[in-house]
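Commentary on secondary and tertiary structure
Now for the letters of each chain:
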Amino acid sequence: MSCIVVGYDGSASGKRSLNYAKNLAKLIGDCHLALVFVIEWSPYQFHTPQELEERHMRREKELEQARERVLEPAVKELEAEGFKVSAEVRHGDGAALLDEIANKLEANQIVIGRTGQRGIRERLFGGLSGNLVATATVPVTIIP
């Protein structure tokens, strides 16, 4: 069975990526769609013990909200359309996590959206799509 990992956050760009992956999965036939919602989270910040505890509680709440509000509705819709689908939400470096999950699932490719608005951080350090293309070990398709 083939597998396509889809970086999905419920945004317009994420929905275009998912639609592309669905069309590709239909062409392939026996194909599993793995939706992955990554909440960017830098481990390179220093915090007091109290800040770490608050950060952990925020992290758990963000994971739950992403799962309930974004991934579960998408999974139900895809299953109703007859797709084989799984979903996962993670905190961390988006490029590294998408590649890690793609390798774990032996995916044929990763599909992500490209956002039109870029902040100063992304201009200086590169966004998810650029980092993923530069470091991924499986093919990456970026949907405009």
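Residues numbered from 1 in each chain as written. Predicted model: local features only at pLDDT ≥ 70, side-chain atom pairs only at ≥ 80, totals over all residues. Heavy atoms only, no water.

1. Concerning the side chain of His91
- Within the fold, His91 resides in strand β3 (residues 84-92).
- By relative accessible area, His91 is classed as buried at 11%.
- Side-chain polar atoms of His91 contact the side chain of Glu62, separated by 3.3 Å. (Helix = DSSP H or I, 4+ residues; strand = E, 2+ residues; numbered from the N terminus. Buried < 20%, exposed > 50% of the residue type's maximum accessible area, 1.4 Å probe, protein only. Polar contact = N/O pair within 3.5 Å; in protein donor to acceptor, adjacent residues only side chain to side chain.)

2. Thoughts on the packing of helix α3 (residues 94-104) against helix α5 (residues 128-135)
- Between α3 and α5, the least distance of the axes is 8 Å, while the angle of their chain directions is 45°. One way to sum up the angle between α3 and α5 is to call them oblique. Of the two possible hands of crossing, α3 and α5 adopt the one that is right-handed. Facing α3, whose interface residues are Gly94, Ala95, Leu98 and Asp99, α5 presents Leu128, Asn131, Leu132 and Thr135.
- Here the residues of the contact of α3 with α5 sort into 4 nonpolar, 3 polar and 1 charged. (Axes fitted to C-alpha atoms, helices over the stretch in contact; angles between N-to-C directions. Parallel < 35°, antiparallel > 145°, perpendicular 65-115°, else oblique. Left-handed = near helix turned anticlockwise from the far one by under 90°. Contact = heavy atoms within 4.5 Å. Nonpolar A, V, L, I, M, F, W, Y, C, P; charged D, E, K, R; others polar.)

3. Quick look at the side chain of Ser17
- Its location among the elements puts Ser17 in helix α1 (residues 12-28).
- Other than its neighbours up to four places away in sequence, Ser17 contacts Val6, Gly7, Val111, Ile112, Gly113 and Ile143.

4. Quick look at the sheet that holds strand β5 (residues 140-143)
- Pairing is parallel in the open sheet, where 5 strands are placed in the order β3-β2-β1-β4-β5. Strand pairing shows two members of the sheet lacking a second neighbour, β3 and β5, which therefore form its edges. For this sheet the average axis-to-axis angle between neighbouring strands, irrespective of direction, equals 20°.
- Contacts from α3 reach β1 (2-7), β2 (31-40), β3 and β4 (109-113), with the element oriented near 145° to β3.
- Taken strand by strand, α5 contacts β2, β4 and β5, and its axis lies near 160° from that of β5. (Pairing = 2+ DSSP bridges.)

5. Quick notes on the pattern of salt bridges
- Tallied over the full model, the rule gives 5 salt bridges.
- The salt bridge involving Glu81 is made with Lys22; its shortest N-O contact spans 3.1 Å. Taken together, the positions of Glu81 in the loop between α2 (49-80) and β3 and Lys22 in helix α1 put the pair 59 residues apart, joining distant regions of the chain.
- With a shortest N-O distance of 3.7 Å, Lys104 and Glu88 are connected by a salt bridge. Placement of Lys104 in helix α3 and of Glu88 in strand β3 is noted, with a sequence separation of 16 residues between them.
- Residue Lys104 is classed as exposed on the basis of its relative accessible area of 55%.
- For Glu88, a relative accessible area of 22% translates into the label partly exposed.
- A single network of salt bridges, built from pairs that share partners, joins Glu88, Arg90, Glu100 and Lys104. (Salt bridge = Lys/Arg side-chain N within 4 Å of Asp/Glu carboxyl O.)

6. So, α3
- What α3 keeps buried is the set Gly94, Ala95, Leu97, Leu98, Asp99, Ile101 and Ala102.
- The inward-facing, buried residues of α3 contact β1, β2, β3, β4 and α5.
- Looking one or two residues past α3, Glu106 carries a phi angle of roughly 55°, positive in sign.

In short, shape yes, function no, at least from these values alone.
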